[in-house]
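Residues per chain, in single letters:
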Amino acid sequence: MNELFFLGDPELDAQHADLFALMARLAASEHSPSPEESAGFVLGQLGELLFQHFKSEELLMADLALPATIFSRHAEAHMGILEELAHIHWEAMMGQAKPLLDIIAIARRCVEQHLVEFDLMLKPYIARAAAKQGTILTQT
Ligand SMILES: [Fe+2]
Ligand SMILES: [Fe+2]
């Protein structure tokens, strides 16, 4: 994963790295013997991983004392991504799948664009919380 995407929180950074690894598998499914089936499987995994990741991220966000609008817009964006991917997955299961390359592009856009537009905004808050924690630790 590009280090520009690192937020400074080990759990979130590891989850983001897992997401990028799964996106790479999704992209590779284009070359599998049964691309649609592989993409469907990976999309299912992506939905689960994103659901868990968004839960972790929102728990951390609740501890960061973010302005309420930043928190709510970010959480809404998470919901939007889950809905969009669930819809694509449902279409695929109903035999009305979009072309695989479109699915790959949409999933990548959802994850990467969200990271840039929303997650990176958390970086200074995470750094501030870590600095505060460091201060508390050095005082005790
Ligand atoms: Fe996020
Ligand atoms: Fe994230």
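About the criteria used
- Residues numbered from 1 in each chain as written.
- Chains lettered and ligands numbered in written order.
- Predicted model: local features only at pLDDT ≥ 70, side-chain atom pairs only at ≥ 80, totals over all residues.
- Heavy atoms only, no water.
- Helix = DSSP H or I, 4+ residues; strand = E, 2+ residues; numbered from the N terminus.
- Buried < 20%, exposed > 50% of the residue type's maximum accessible area, 1.4 Å probe, protein only.
- Contact = heavy atoms within 4.5 Å.
- Areas by Shrake-Rupley, 256 points an atom, 1.4 Å probe, with all protein chains shown as cover.
- Donors = N, O, S within 2.8 Å, 3.2 Å for Na, K, Ca; no water.
- 1 Å grid on protein atoms, 1.4 Å probe; cavity = no way out; pocket = protein on both sides within 12 Å on 5 of 7 lines; lining within 4 Å.
- Points joined across faces, edges and corners; volume = space filled by probe spheres on them.
- Nonpolar A, V, L, I, M, F, W, Y, C, P; charged D, E, K, R; others polar.
- Tetrahedral: all angles 85-135°; square planar, octahedral: opposite > 155°, others 65-115°.

**So, the overall build of the protein chain**
Okay, so step 1: Counting secondary structure elements, the protein chain contains five helices and zero strands.
Okay, so step 2: Written out in order from the N terminus, the α and β elements of the protein chain read α-α-α-α-α.
Okay, so step 3: Principal-axis analysis of the C-alpha atoms gives the protein chain an extent of 60 × 25 × 20 Å.
Okay, so step 4: Within the protein chain, buried positions represent 37% of all 140 residues.
Okay, so step 5: Once local pairs closer than 6 in sequence are excluded, the contacts in the protein chain between residues at least 24 apart make up 71%.
Okay, so step 6: Of the roughly 8,200 Å² that the protein chain leaves accessible, carbon and sulfur atoms contribute 61%.

**Here's the deal with the coordination of the iron ion (ligand 1)**
Okay, so step 1: At the metal site, the iron ion (ligand 1) is ligated by E57 (OE), H74 (NE2), H78 (NE2), H114 (NE2) and D119 (OD), and these contacts range over 1.9 to 2.2 Å.
Okay, so step 2: Of note, the iron ion (ligand 1) draws all its donor residues from one chain, in the sequence arrangement E-x16-H-x3-H-x35-H-x4-D.
Okay, so step 3: Separating the iron ion (ligand 1) from the iron ion (ligand 2) is a distance of 3.6 Å, and E57 supplies a donor atom to each of them. Of the two residues, H78 is situated in helix α3 (residues 68–93) and D119 in the loop between α4 (100–117) and α5 (123–139); the sequence distance between them amounts to 41 residues.

**Observations concerning empty space enclosed by the protein**
Okay, so step 1: In this structure the tally under the stated criterion is one cavity of 30 Å³ or more.
Okay, so step 2: The volume enclosed by the largest cavity comes to roughly 60 Å³.
Okay, so step 3: Lining the largest cavity, in full, are H16, L19, L50, H53, F54, I81, C110, V111, H114, L115 and D119.
Okay, so step 4: Breaking the lining of the largest cavity down by element, the ones donating at least two residues are α1 (10–28), α2 (35–63) and α4.
Okay, so step 5: Classifying every residue of the lining of the largest cavity by side-chain character gives seven nonpolar, three polar and one charged.

**Re the coordination of the iron ion (ligand 2)**
Okay, so step 1: Only H16 (NE2), H53 (NE2), E57 (OE) and D119 (OD) from the protein coordinate the iron ion (ligand 2), and they sit 2.1 to 2.2 Å from it.
Okay, so step 2: Its four donor atoms give the iron ion (ligand 2) angles of 85 to 170° at the centre, a pattern that matches the irregular case.
Okay, so step 3: All donors to the iron ion (ligand 2) come from one chain, and their sequence spacing reads H-x36-H-x3-E-x61-D.
Okay, so step 4: The exposure class assigned to H16 is buried, which follows from its relative accessible area of 1%.

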